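The primary structure of each chain is shown beneath.
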Protein chains: 2
Amino acid sequence: MQEETTGTKKRIRSDAARNEDAVLEAAKTVFATSGVDAPVREIAKTAGVGVGTLYRRFPKRSDLVVAVFKREVDACAADAKTLAKDHPPGEALSRWLRRYCRFIVTKKGLASALHSGDPAFDALPDYFRSNFEPALQNLLSAAAKAGEARSDIDAYDLLRAIGNLASAGSTSGGKAGGNAGDDPEHHEGMQHTYRMLDLMIDGLRYGKSG
Amino acid sequence: MQEETTGTKKRIRSDAARNEDAVLEAAKTVFATSGVDAPVREIAKTAGVGVGTLYRRFPKRSDLVVAVFKREVDACAADAKTLAKDHPPGEALSRWLRRYCRFIVTKKGLASALHSGDPAFDALPDYFRSNFEPALQNLLSAAAKAGEARSDIDAYDLLRAIGNLASAGSTSGGKAGGNAGDDPEHHEGMQHTYRMLDLMIDGLRYGKSG
DNA sequence: TTCAAATACGGAACAATGTTCCGTTTATCA
DNA sequence: TGATAAACGGAACATTGTTCCGTATTTGAA
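A short tour of the structure in this document, coming up. Here the residue numbers are simple positions, counted from 1 along each chain's written sequence. To read the labels, note that chains go from A and ligands from 1, taken in the order they are written. Two thresholds apply to this predicted model, a pLDDT of at least 70 for residue-level local features and 80 or more for giving and counting side-chain atom pairs, whereas whole-chain, interface and lining totals are computed over all residues. Calculated side-chain values reflect all of the structure's heavy atoms, with hydrogen atoms and water omitted.

## Observations concerning the overall build of chain A
Part 1 of the argument: Scanning chain A for helices and strands turns up 9 helices and 0 strands.
Part 2 of the argument: Numbered from the N terminus, helices here are DSSP runs of H or I no shorter than four residues, and strands are runs of E no shorter than two. Listing each helix as α and each strand as β along chain A from the N terminus yields α-α-α-α-α-α-α-α-α.
Part 3 of the argument: Note on contacts: a residue pair qualifies if any of its non-hydrogen atoms lie within 4.5 Å across the two residues. In chain A, the share of contacts with a sequence separation of at least 24, taken over all contacts with a separation of at least 6, comes to 73%.

As structure tokens, this is what we get:
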């Protein structure tokens, strides 16, 4: 994403790069802990940085939100490739669907911001789709070719279906409780979501044919 | 809505009543002009009132939003009765559907607030439905009985359909432009919405039978 | 009509937040 | 090592929601 040896311009100063990363990491944590509406100051403090530093890189609060969102979309999409390399096609597919499920639940708070009408977020749905659809399509195709999944499922349909599943299953509200032992992975709703997801995965395996 | 001679408690002071009304009226105007996110101060100023006065009646900003919303739902639902009294059933029906259409377009900004997850607005969808559904049902039944509309249409379905129609047709964004000659009645989108609505109304007339 | 008590009023003041500014510190490079 | 450009930190500013309280108004009775 960043130009390092592109030569067209000076290199980014090392402390600047370090801080940009720290801010993104902090923002990810704080958004998950206190919701997307968490104050900028809290993020800056978590990152061990002044607000001025944060604002140089992300002139608007929404820019930070967008950056975090994209970064996590990237990470989730990248996992698709990793999983495809480390597992047999069917296994890679079902593992990634769980991974995607977790992504959706985590981003529950963001979702409402996305549809808030703020033009700052207009580009995100496209970003979401243009990264996830091919990622899933690859997994799907590979699994189908290996005879481990049916081939008549549209990747985008599946993304939407699981998205609905996961966001309906997680308890409402924007911010996570943040209390000890509060791992979302073990919430009742999350378990329910996983069960429903398993159902869909089974559906993908059995009707296989096309 | 307000108790005047209920005797259980003192009467509301006249200036208080006057101001409450002024604030609601101002809020309605300001919400339409600057969007639901308009500052409380702007509403107070428009009403010719101090913020303290506004806050005594509406302790939370959201209380004011809710009050305005309900008031307009009431007004729109009341128009159903008026129209039914002043026009033949089919005419009353189609006139009210246009009226409802206007309501939806005006409340476009509110709609996103409603689904923002703020618990303050939780009661509004019910309020909406429990007022509009019977209102429309009456018009539909009367028109059906008079042979001016089919009788196999569900009031709530129709409300939703027109709601979608109208909110899709109006240009996006929360606030109205507010420039001169900006009457929403004459916007391109509104005209389009009316044309679609006419289509539905014709549909109601012709397939009549049940 | 006049007066006292109850009630409501207005807007300054407070708190929380996003954002900007600028004097100070640090990284880079010769 | 020192000059310079870049980045830093956080105080200060602007905008809001909300609270407080001294002042003005309404009301009911004398």
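Additional details are given in the paragraphs that follow.
## As for the protein's contact with DNA strand D
Part 1 of the argument: Close to DNA strand D lie 26 residues, the nearest being Arg13, Asn19, Thr53 and Arg56 of chain A together with Arg41 of chain B.
Part 2 of the argument: Any pair of nitrogen or oxygen atoms within 3.5 Å is treated as a polar contact; in protein, a donor-acceptor pairing is required on top of that, and neighbouring residues in sequence qualify only through side-chain atoms on both sides. Measuring from a phosphate oxygen of DNA strand D, one finds a side-chain N or O atom of Asn19 of chain A at 2.4 Å.
Part 3 of the argument: Secondary-structure elements contributing two or more residues to the surface near DNA strand D are α1 (14-34) and α3 (51-57) of chain A together with α1 (14-34), α2 (40-47) and α3 (51-57) of chain B.
Part 4 of the argument: Element by element, the count of residues in the surface near DNA strand D is highest for α3 of chain A, at 5 residues. One heavy atom within 4 Å of a molecule or strand is enough for the residue carrying it to be called near that molecule or strand.

## Concerning helix α2 (residues 40-47) of chain A
All names here are of chain A.
Part 1 of the argument: Only protein chains enter the calculation, and the probe is 1.4 Å; a residue is then buried if its accessible area is under 20% of its type maximum, exposed if over 50%, and partly exposed in between. All of the buried residues in α2 are Val40, Ile43, Ala44 and Ala47. The buried side chains of α2 occupy one side of the element, clustering within an arc of 100° when seen end-on. With respect to the buried face of α2, the exposed residues turned more than 90 degrees away are Arg41 and Lys45.
Part 2 of the argument: Looking at the buried side of α2, the elements it contacts are α1, α3 and α4 (61-86).
Part 3 of the argument: Backbone geometry just downstream of α2 places Gly48 in the positive-phi region, at approximately 70°. The arc under discussion is defined with respect to the helix axis, by the directions toward the C-beta atoms.

## Let's talk about the protein's contact with DNA strand C
Part 1 of the argument: Every one of the 24 residues lining DNA strand C counts as a neighbour, but Arg41 of chain A together with Arg13, Asn19, Thr53 and Arg56 of chain B are closest to it.
Part 2 of the argument: One of the side-chain nitrogen or oxygen atoms of Arg13 of chain A is found 3.1 Å away from a base oxygen of DNA strand C.
Part 3 of the argument: Here Arg41 of chain B contributes a side-chain N or O atom positioned 3.3 Å from a base nitrogen of DNA strand C.
Part 4 of the argument: Taken together, the elements giving at least two residues each to the surface near DNA strand C come down to α1, α2 and α3 of chain A together with α1 and α3 of chain B.

## Focus: the side chain of Ser34 of chain B
Part 1 of the argument: Note that Ser34 of chain B resides in helix α1.
Part 2 of the argument: There is a polar contact of 3.1 Å between the side chain of Ser34 of chain B and the side chain of Glu42 of chain B.

## Points about the environment of Lys107 of chain B
Residues and elements named next belong to chain B.
Part 1 of the argument: Secondary-structure assignment places Lys107 in the loop between α5 (89-106) and α6 (108-114).
Part 2 of the argument: Those residues in contact with Lys107 that lie beyond four places of it in its chain are Phe69 and Glu72.
Part 3 of the argument: For Lys107, the side chain forms a polar contact with the side chain of Glu72, separated by 3.1 Å.

## Side note on the pattern of salt bridges
Part 1 of the argument: Only one rule defines a salt bridge in this text: a Lys or Arg side-chain nitrogen within 4 Å of an Asp or Glu carboxyl oxygen. This structure, assessed with the given rule, holds 24 salt bridges over all chains.
Part 2 of the argument: The salt bridge involving Asp86 of chain A is made with Lys85 of chain A; its shortest N-O contact spans 3.8 Å.
Part 3 of the argument: For the salt bridge of Glu72 of chain B with Lys107 of chain B, the shortest nitrogen-to-oxygen distance reads 3.1 Å. Note that Glu72 of chain B is positioned in helix α4 (residues 61-86) and Lys107 of chain B in the loop between α5 and α6, a separation of 35 residues in sequence.
Part 4 of the argument: Among the residues examined, Lys107 of chain B registers a relative accessible area of 7% and is labelled buried.
Part 5 of the argument: Among the ionic contacts, a cluster of salt bridges with common partners joins Asp21, Glu25, Lys28 and Arg71 of chain A.

## With respect to α5 of chain B
Residue and element names in this part refer to chain B.
Part 1 of the argument: For a helix, the expected span equals 1.5 Å multiplied by the number of residues minus one. For α5, spanning 18 residues, the distance from its first C-alpha to its last is 26 Å, which sits close to the expected 26 Å at 1.5 Å a residue.
Part 2 of the argument: Of the residues making up α5, those classed as buried are Gly90, Ala92, Leu93, Ser94, Trp96, Leu97, Arg99, Tyr100, Cys101, Phe103, Ile104 and Val105.
Part 3 of the argument: Buried residues along α5 sit against α4, α6, α7 (124-145), α8 (155-169) and α9 (188-205).

## Let's talk about the environment of Arg99 of chain A
Residues and elements named next belong to chain A.
Part 1 of the argument: Tracing the backbone through its elements, the reader meets Arg99 in helix α5 (residues 89-106).
Part 2 of the argument: Taking the C-alpha atoms as reference, Arg99 lies 8.9 Å from Ala80; in sequence the two are 19 residues apart.
Part 3 of the argument: In contact with Arg99, not counting residues within four places along its chain, are Ala75, Cys76 and Asp79.
Part 4 of the argument: For Arg99, the side chain forms a polar contact with the side chain of Asp79, separated by 2.6 Å.

## As for the packing of aromatic side chains
Residue and element names in this part refer to chain B.
Part 1 of the argument: Think of it this way: a Phe, Tyr or Trp ring, Trp meaning its six-membered ring, pairs with another when their centres are within 6.5 Å, and the plane angle makes it stacked under 30 degrees, edge-to-face over 60, tilted otherwise. One pass over the full model with this rule turns up 16 aromatic pairs over all chains.
Part 2 of the argument: With 5.2 Å between their ring centres and 90° between their planes, Phe103 and Phe132 make a pair best called edge-to-face. Pair noted here: Phe103 is in helix α5 and Phe132 is in helix α7, with a separation of 29 residues, a long-range link.
Part 3 of the argument: Taking the relative accessible area as the measure of exposure, Phe103 reaches 3% and is therefore buried.

## Describing the packing of α4 of chain B against α5 of chain B
All names here are of chain B.
Part 1 of the argument: For the pair α4 and α5, the least separation of the axes is 9 Å and the interaxial angle reads 165°. Taken together, the axis directions place α4 and α5 in an arrangement best described as roughly antiparallel. Here the hand of the crossing between α4 and α5 comes out right-handed. Taking contact as the criterion, the partners of Phe69, Glu72, Val73, Ala75, Cys76, Asp79, Ala80, Leu83 and Ala84 in α4 are, on α5, Ala92, Arg95, Trp96, Arg99, Tyr100 and Phe103.
Part 2 of the argument: Gly is placed with the polar residues, together with every amino acid not listed as nonpolar (Ala, Val, Leu, Ile, Met, Phe, Trp, Tyr, Cys and Pro) or charged (Asp, Glu, Lys and Arg). Per-class residue counts for the contact of α4 with α5 are 11 nonpolar, no polar and 4 charged. Axes here mean lines fitted to C-alpha atoms, for a helix over just the part in contact, with angles spanning 0 to 180 degrees between N-to-C directions. Put simply, angles under 35 degrees are roughly parallel, angles over 145 are roughly antiparallel, angles from 65 to 115 are roughly perpendicular, and the rest are oblique. Each crossing gets its handedness from the near helix: less than a right angle anticlockwise from the far helix is left-handed, clockwise is right-handed.

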